[in-house]
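Here are the chains, one letter per residue:
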Amino acid sequence: MAVEGFFEDQGCRQMGRAFRVVVRTLFAIVFIAGGIVHFVFGRSRPDTYAAFASTAAFPWLQTLWRSFVMPNIGWLTVVLGLYELACGLGMLHRRTVPVAAWGMTAFLLLILVLGYGFPAQSWMEDLLRNRAGTVAMILLLLPLGVRRAG
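Residues numbered from 1 in each chain as written. Predicted model: local features only at pLDDT ≥ 70, side-chain atom pairs only at ≥ 80, totals over all residues. Heavy atoms only, no water.

Caption draft 1: Layout of the environment of Val21. The residue Val21 is located in helix α1 (residues 2–44) in this model. Sequence separation between Val21 and Leu92 is 71 residues; the distance between their C-alpha atoms is 9.4 Å. (Helix = DSSP H or I, 4+ residues; strand = E, 2+ residues; numbered from the N terminus.)

What follows is the structure, given as C-alpha cells:
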C-alpha cells in the first residue's frame with residue numbers, strides 16, 4: 001500500500017511539474033508576443049484600441065478610456081508593452097514566476113472588466129466573446145502565483 005501511495009504522489013508531482021512548465025511557457029510566449037504587438041500597434045494602428053471602450057463593464061471606464069487612454073495611447077502602449085514583456089520574461093525564470101503570475105493576473109483582471117472590444121448583442125454573448133477566456137487564463141495562472149515549498 002505504501003509503495004502505491006509513493007508512486008501516486010510521484011505521478012501527481014510529475015503532472016504538476018508538467019502543468020507548470022506548459023502553462024509557464026504558454027504565458028511567456030503570449031505575454032512576450034503581446035508586448036511586441038503593443039509596441040507595433042501603438043505606433044502603426046493606435047485607433048484599434050478604441051474598440052475596448054465599447055465593452056468596458058462600467059460607464060465610467062468607457063468615459064476614462066475615451067477621454068484619457070485614447071488621447072495618450074502612444075505612450076500607454078509603450079508602458080503596457082514593457083509590462084507585458086516583463087511578465088512574460090518573468091515566467092522564464094523559476095524564481096520570478098510567482099511575481100510574474102500575479103502581474104499577469106492583475107493585467108487579466110483589468111481585461112476582464114474592460115473586455116476585448118468584440119461587439120455583442122447580449123450579456124451572454126459578451127461573456128463568451130469578451131470575458132470567459134480571460135477567466136480561464138486567470139484560473140490557469142493562480143497555481144503559479146503560489147510559491148512551492150522545496
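On we go.
Caption draft 2: Here's a closer look at the pattern of salt bridges. Counted according to the given criterion, the structure contains 2 salt bridges. Ionic pairing is found between Glu125 and Arg129, a salt bridge with its closest N-O pair at 3.6 Å. Here Glu125 pairs with Arg129, and both are found in helix α5 (residues 123–141), just 4 residues apart, close to one helical turn. Residue Glu125 is classed as partly exposed on the basis of its relative accessible area of 27%. Among the salt bridges present, the one from Arg131 reaches Asp126, with a minimum N-O distance of 2.8 Å. Residues Arg131 and Asp126 agree in their burial class; the two are buried. (Salt bridge = Lys/Arg side-chain N within 4 Å of Asp/Glu carboxyl O. Buried < 20%, exposed > 50% of the residue type's maximum accessible area, 1.4 Å probe, protein only.)

Caption draft 3: Main features of the environment of Phe31. Structurally, the position occupied by Phe31 is in helix α1. Taking relative accessible area as the criterion, Phe31 reaches 2% and is therefore assigned buried. In this structure the C-alpha to C-alpha distance between Phe31 and Glu84, which are 53 residues apart in sequence, comes to 5.2 Å. Those residues within four positions of Phe31 in sequence are excluded, and the remaining contacts are Glu84, Leu85, Cys87, Gly88, Met104, Phe107 and Leu108. (Contact = heavy atoms within 4.5 Å.)

Caption draft 4: Region of interest: the packing of helix α3 (residues 73–90) against helix α4 (residues 97–114). The geometry of α3 relative to α4 is characterised by a closest axis approach of 8 Å and an angle of 140° between their N-to-C directions. When the interaxial angle is binned, α3 and α4 end up oblique. Note that α3 runs across α4; the crossing there is left-handed. Contact residues: Leu80, Tyr83, Glu84, Cys87, Gly88 and Gly90 in α3; Val97, Ala100, Gly103, Met104, Ala106 and Phe107 in α4. Its residues assigned to classes, the contact of α3 with α4 comprises 8 nonpolar, 3 polar and 1 charged. (Axes fitted to C-alpha atoms, helices over the stretch in contact; angles between N-to-C directions. Parallel < 35°, antiparallel > 145°, perpendicular 65-115°, else oblique. Left-handed = near helix turned anticlockwise from the far one by under 90°. Nonpolar A, V, L, I, M, F, W, Y, C, P; charged D, E, K, R; others polar.)

Caption draft 5: Spatial organisation of α5. Helix length check: α5 (19 residues) gives 25 Å between terminal C-alpha atoms against 27 Å at 1.5 Å per residue, within 8%. Maximum bend of α5: about 50°, positioned at Arg131. Where α5 is concerned, the buried positions are Asp126, Asn130, Arg131, Thr134, Ile138 and Leu141. (Expected span 1.5 Å × (residues − 1). Bend = angle between axes of the 7 residues up to and from the residue.)

These figures come from the coordinates and say nothing about function on their own.
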